[in-house]
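Architecture and fold: a report
Here is what each chain is made of, one letter per residue.
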Amino acid sequence: MEECKIKNLYNLDETIASKIFEGATYPWEVLPKIEEFIKELGNTLSSEEYEKRGEDIWIAKTATIAPTAYIKGPAIIGKNAEIRHCAFIRGKAIVGEGAVGNSTELKNVILFNKVQVPHYNYVGDSILGYKAHMGAGSITSNVKSDKKLVVVKNKEEKIETGLKKFGAMLGDNVEIGCGSVLNPGTVIGKNTNVYPLSSVRGVVPSNSIYKKQNEIVEKQ
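What you are looking at is a predicted structure, and each value in this text was computed from that prediction instead of being measured.

1. Here we look at the overall build of the protein
- Scanning the protein for helices and strands turns up two helices and 25 strands.
- With respect to the three principal axes, the spread of C-alpha positions in the protein is 50 × 35 × 35 Å.
- Of the contacts formed within the protein by residues at least 6 apart in sequence, a portion of 31% connects residues at least 24 apart.
- Counting every atom, the protein has about 10,200 Å² of accessible surface; 46% of that belongs to carbon and sulfur.

Structure (structure tokens):
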């Protein structure tokens, strides 16, 4: 599944967490490592650029944090990030230079730089690439209804992940339309657009437009 490999999804120059991907082939392999990685990385951050607030929470001095936002550690909030009204960061979150919006909830995630999750989003056990954007009300569903381990599927190909919790892997410049649900084990390639109100599962190719499950067209 070449489409799902880290090297084909992400520009690792656009995240403070690039080292977590070393030695991994697929991005979901790093999900269980996020918590410890944050603690290790946080203790190396410059005190001139980052301020430690509470237990295992590092916030860039150039970040903007609304007084109504809640952040639980371990977490790193990057330079020029914007954490808006009533955002709920439940821990194990690395937030790049983008915006986490009103009432958006994050848990066990890596958001690359310039990611936008600005309005009523839930993002759990997921990795969002550079300039990925989730429209209002779009969410990642990170546990299967039957509670079985998540399998990544691309037509006849399958990869057993060994993970019970796995939301979505979004490549760089992915656009998710408003009100969409990304089902457990979704992988969306770079530069792809998903129509509003979509229910997405499996692997969606890069440079495409997802209209519905059996109607995915190549971008022209």
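2. Topic: the nonpolar core
- Formed by 68 residues in total, the largest nonpolar core has its most connected members in W28, I110 and L170.
- For L170, the residues in contact, after removing those within four places along its chain, are Y10, I127, L128, G129, A132, M134, I176, L182 and I188.

3. Re helix α2 (residues 34–42)
- Where α2 is concerned, the buried positions are I34, F37, I38, L41 and G42. Projection of α2 onto a plane perpendicular to its axis shows the buried side chains occupying an angular sector of 120°, all on one side.

4. Looking at the pairing of strand β12 (residues 122–128)
- Of all the seven residues making up β12, seven are buried; the element is thus mostly covered by neighbouring parts of the structure.
- Bridge count for strand β10 (residues 105–111) against β12 is six bridges, and the pairing is parallel. What sits directly across from V109, in β12, is S126.
- The pairing of β12 with strand β17 (residues 168–170) spans two bridges and is classified as parallel.

5. Thoughts on the pattern of salt bridges
- Per the stated rule, a full pass over the model turns up eight salt bridges.
- With a shortest N-O distance of 3.1 Å, K79 and E49 are connected by a salt bridge. Of this pair, K79 sits in the loop between β5 (75–77) and β6 (82–83) while E49 is found in the loop between α2 and β1 (50–52), placing the two residues 30 residues apart along the sequence.
- Judged by relative accessible area, which is 38%, E49 ranks as partly exposed.

6. Describing the packing of aromatic side chains
- Under the defined criterion, the tally for this structure stands at six aromatic pairs.
- Arranged with centres 6.0 Å apart and planes meeting at 50°, the rings of F21 and F112 form a pair that is tilted. Of this pair, F21 sits in the loop between α1 (6–9) and α2 while F112 is found in the loop between β10 and β11 (116–119), placing the two residues 91 residues apart along the sequence.
- Relative accessible area serves as the criterion here: at 4%, F21 is assigned to the buried category.

7. Digging into the side chain of N142
- Position of N142 among the secondary structure elements: in the loop between β14 (139–140) and β15 (151–154).
- Among the residues examined, N142 registers a relative accessible area of 11% and is labelled buried.
- There is a polar contact of 3.4 Å between the side chain of N142 and the side chain of Y122.
- Ignoring any residue separated from it by four or fewer positions in sequence, one finds N142 in contact with K107, Y122, G124, D125, K164, K165, F166, G167 and P184.

8. Regarding unusual backbone geometry
- The linkage connecting G73 with the following residue, P74, adopts the cis geometry, with an omega of 0°.
- Here P74 shows up in the loop between β4 (70–71) and β5.
- The backbone of K155 sits at a positive phi, close to 55°, despite the residue not being glycine.
- With respect to the secondary-structure elements, K155 resides in the loop between β15 and β16 (157–160).

9. As for the environment of E36
- Position of E36 relative to the elements: it lies in helix α2.
- The exposure class assigned to E36 is partly exposed, which follows from its relative accessible area of 44%.

Analysis parameters
- Residues numbered from 1 in each chain as written.
- Predicted model: local features only at pLDDT ≥ 70, side-chain atom pairs only at ≥ 80, totals over all residues.
- Heavy atoms only, no water.
- Helix = DSSP H or I, 4+ residues; strand = E, 2+ residues; numbered from the N terminus.
- Contact = heavy atoms within 4.5 Å.
- Areas by Shrake-Rupley, 256 points an atom, 1.4 Å probe, with all protein chains shown as cover.
- Core = buried A, V, L, I, M, F, W, Y, C linked by side-chain atoms within 4.5 Å.
- Buried < 20%, exposed > 50% of the residue type's maximum accessible area, 1.4 Å probe, protein only.
- Arc of directions from axis to C-beta.
- Pairing = 2+ DSSP bridges.
- Salt bridge = Lys/Arg side-chain N within 4 Å of Asp/Glu carboxyl O.
- Phe/Tyr/Trp six-rings, centres within 6.5 Å; stacked < 30°, edge-to-face > 60°.
- Polar contact = N/O pair within 3.5 Å; in protein donor to acceptor, adjacent residues only side chain to side chain.

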